[in-house]
Amino acid sequence: MSAIRFDNVWKEYGDHIVLEQITLDVEPRAFLALVGPSGCGKTTFLRMLLGEESPTRGQILVDGVPLSPEPSADRGVVFQRYSVFPHLTVLQNVVLGRELQHAKITGRLFGSAKRAATDEAMALLAEVGLAGQESKYPAALSGGMQQRLALAQAIMRGPRILLLDEPFGALDPGIRADIHVLMKRLWNETELTVVMVTHDLSEAFRLATRVIAFERNRNRPEERERYGATISRDLEIYPRRTAEVRRLATNRSGRDDPAKHGA
Ligand SMILES: Nc1ncnc2c1ncn2[C@@H]1O[C@H](COP(=O)(O)OP(=O)(O)OP(=O)(O)O)[C@@H](O)[C@H]1O
Ligand SMILES: [Mg+2]
């Protein structure tokens with residue numbers, strides 16, 4: 001659960017302005033969907049949040065603190081493809097999520113810590129529908145299964161912010177619908193703030209609490225590099241999600257009973 005603030009952020013590569021004047025406050029536990037044409041800077045935006053790139057101007061704050069200039073376990077990420085390690089089994093990939101979280105200390109887990117991580121990974125795999133697949137290698141899984149594995153690995157790192165870069169874009173519609181249900185459930189059950197890039201507007205509206213669009217104000221070919229994209233639309237989506245309803249209800253009555261509040 002984390003609040004994210006972009007404070008007049010610009011990103012330029014040499015003379016090429018990719019993003020300009022990005023000012024944005026994302027509330028804790030939001031599910032933010034980001035849409036926009038190809039090349040408008042969506043992945044660049046995520047990479048700045050991840051700490052792989054830094055803004056050329058402006059700053060990014062997470063919970064009021066300027067973002068550390070390197071990737072950290074606070075932020076998990078699932079890319080469109082190839083997020084998992086092909087030479088590790090399904091189970092090893094998820095346990096690795098925990099080892100990466102501790103990477104700065106030991107890089108590996110042993111003894112009881114390893115057993116605990118393994119138990120947790122098994123439970124998480126069952127939750128994403130991969131029970132029984134633990135000893136397979138990713139190549140033996142379908143695309144949808146690989147993305148669910150990537151999701152389990154990212155969540156195993158215990159991030160406060162989950163970044164998704166078109167994670168479901170390559171999947172068949174039926175499998176996508178299943179993953180949407182899973183994604184919603186994981187988001188409802190955790191304290192995650194999610195930022196998801198998608199090309200699919202219906203996916204954005206189905207999952208997100210807020211949808212923002214990036215667009216260039218000027219888009220003639222000769223202007224394309226001199227003007228970056230910026231936020232052109234910002235839509236709050238109602239109704240609020242289950243966990244939000246539950247939190248509001250709890251705050252109001254001191255009880256935790258979402259059913260009474262139509263969630
Ligand atoms: N490391 C880099 N060096 C130079 N230019 C870059 C770099 N990374 C991205 N760009 C440029 O920034 C622009 C935005 O790229 P980005 O990948 O963020 O777009 P996108 O919105 O994610 O596109 P898509 O929807 O196709 O994934 C592109 O013109 C790209 O060439
Ligand atoms: Mg991209």
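Located above this text is the structure these notes cover.
Residues numbered from 1 in each chain as written. Chains lettered and ligands numbered in written order. Predicted model: local features only at pLDDT ≥ 70, side-chain atom pairs only at ≥ 80, totals over all residues. Heavy atoms only, no water.

1. Some details on the packing of aromatic side chains
- In this structure the tally under the stated criterion is 3 aromatic pairs.
- Geometrically, the ring pair formed by Phe 45 and Phe 214 is edge-to-face, given 5.3 Å between the ring centres and 75° between the ring planes. A residue pair is termed long-range when its members are at least 10 positions apart, and Phe 45 in helix H1 (residues 42–50) and Phe 214 in strand S9 (residues 210–216) qualify at 169 residues.
- Connected via pairs of aromatic rings, a cluster forms that spans Phe 6, Phe 45 and Phe 214.
- Geometry around Trp 187 places Arg 29 over its ring, the cationic atom sitting 4.8 Å from the centre.
- The ring of Trp 10 carries the charged tip of Arg 57 above its face, separated from the ring centre by 4.0 Å. (Phe/Tyr/Trp six-rings, centres within 6.5 Å; stacked < 30°, edge-to-face > 60°. Helix = DSSP H or I, 4+ residues; strand = E, 2+ residues; numbered from the N terminus. Lys NZ or Arg CZ within 6 Å of the ring centre and 35° of its normal.)

2. Thoughts on the environment of Ala 177
- By secondary structure assignment, the location of Ala 177 is in helix H5 (residues 173–189).
- Along the chain, Ala 177 and Glu 203 lie 26 residues apart, while their C-alpha atoms are 9.1 Å from each other.

3. Focus: the side chain of Thr 198
- With respect to the secondary-structure elements, Thr 198 resides in the loop between strand S8 (193–197) and helix H6 (201–207).
- A distance of 2.9 Å separates a polar atom in the side chain of Thr 198 from the backbone nitrogen of Asp 200.
- A polar atom in the side chain of Thr 198 sits 2.9 Å from the side chain of Glu 203.
- If sequence neighbours within four positions are ignored, Thr 198 has contacts with Leu 34, Val 35, Glu 166, Glu 203 and Ala 204. (Polar contact = N/O pair within 3.5 Å; in protein donor to acceptor, adjacent residues only side chain to side chain. Contact = heavy atoms within 4.5 Å.)

4. Points about helix H4 (residues 143–156)
- Taking 1.5 Å per residue, 14 residues should reach 20 Å; H4 reaches 20 Å between its end C-alpha atoms and fits that length.
- H4 sits mainly inside the fold: 11 of its 14 residues count as buried.
- Those residues of H4 not exposed but buried are Gly 144, Gln 147, Arg 148, Leu 149, Ala 150, Leu 151, Ala 152, Gln 153, Ala 154, Ile 155 and Met 156. (Expected span 1.5 Å × (residues − 1). Buried < 20%, exposed > 50% of the residue type's maximum accessible area, 1.4 Å probe, protein only.)

5. Quick look at the site of ligand 1
- The environment of ligand 1 is made up of 13 residues, and the closest members are Ser 38, Gly 39, Lys 42, Thr 43 and Thr 44.
- Gly 39 is positioned such that a nitrogen or oxygen atom in its backbone is 2.8 Å from an oxygen atom of ligand 1.
- Calculation on ligand 1 without its partners gives an accessible area of 640 Å², and the protein chains cover 61% of this total.
- Among the elements that take part in the shell around ligand 1, H1 stands out by supplying 3 residues, more than any other.
- Partitioned by chemical class, the residues of the shell around ligand 1 number 4 nonpolar, 7 polar and 2 charged. (Near = heavy atom within 4 Å. Areas by Shrake-Rupley, 256 points an atom, 1.4 Å probe, with all protein chains shown as cover. Nonpolar A, V, L, I, M, F, W, Y, C, P; charged D, E, K, R; others polar.)

6. Quick look at the side chain of Asn 93
- Position of Asn 93 relative to the elements: it lies in helix H2 (residues 90–101).
- Residue classification places Asn 93 among the buried positions, given a relative accessible area of 0%.
- From its side chain, Asn 93 meets the backbone nitrogen of Phe 85 in a polar contact 2.9 Å long.
- Of the polar contacts made by the side chain of Asn 93, one reaches the backbone oxygen of Leu 88; its length is 3.1 Å.
- When near neighbours in sequence (up to four residues on either side) are disregarded, Asn 93 contacts Val 84, Phe 85, Leu 88, Pro 138, Leu 149 and Gln 153.

7. Some details on the nonpolar core
- In terms of nonpolar packing, the biggest core is built from 42 residues, with Leu 151, Met 183 and Val 194 touching the most fellow members.
- In terms of residue count, H4 provides more of this core than any other element does, 7 residues in total.
- Formed jointly, this core draws a minimum of three residues from each of two domains, domain 1 (1–74 + 161–263) and domain 2 (84–158).
- Setting aside residues no more than four positions away along its own chain, Met 183 makes contact with Phe 31, Leu 151, Leu 162, Leu 164, Phe 168, Val 194 and Leu 207.
- Listed in part, the 27 residues of the second largest apolar core include Leu 19, Leu 24, Cys 40 and Ala 229. (Core = buried A, V, L, I, M, F, W, Y, C linked by side-chain atoms within 4.5 Å. Domains from an automatic or database assignment.)

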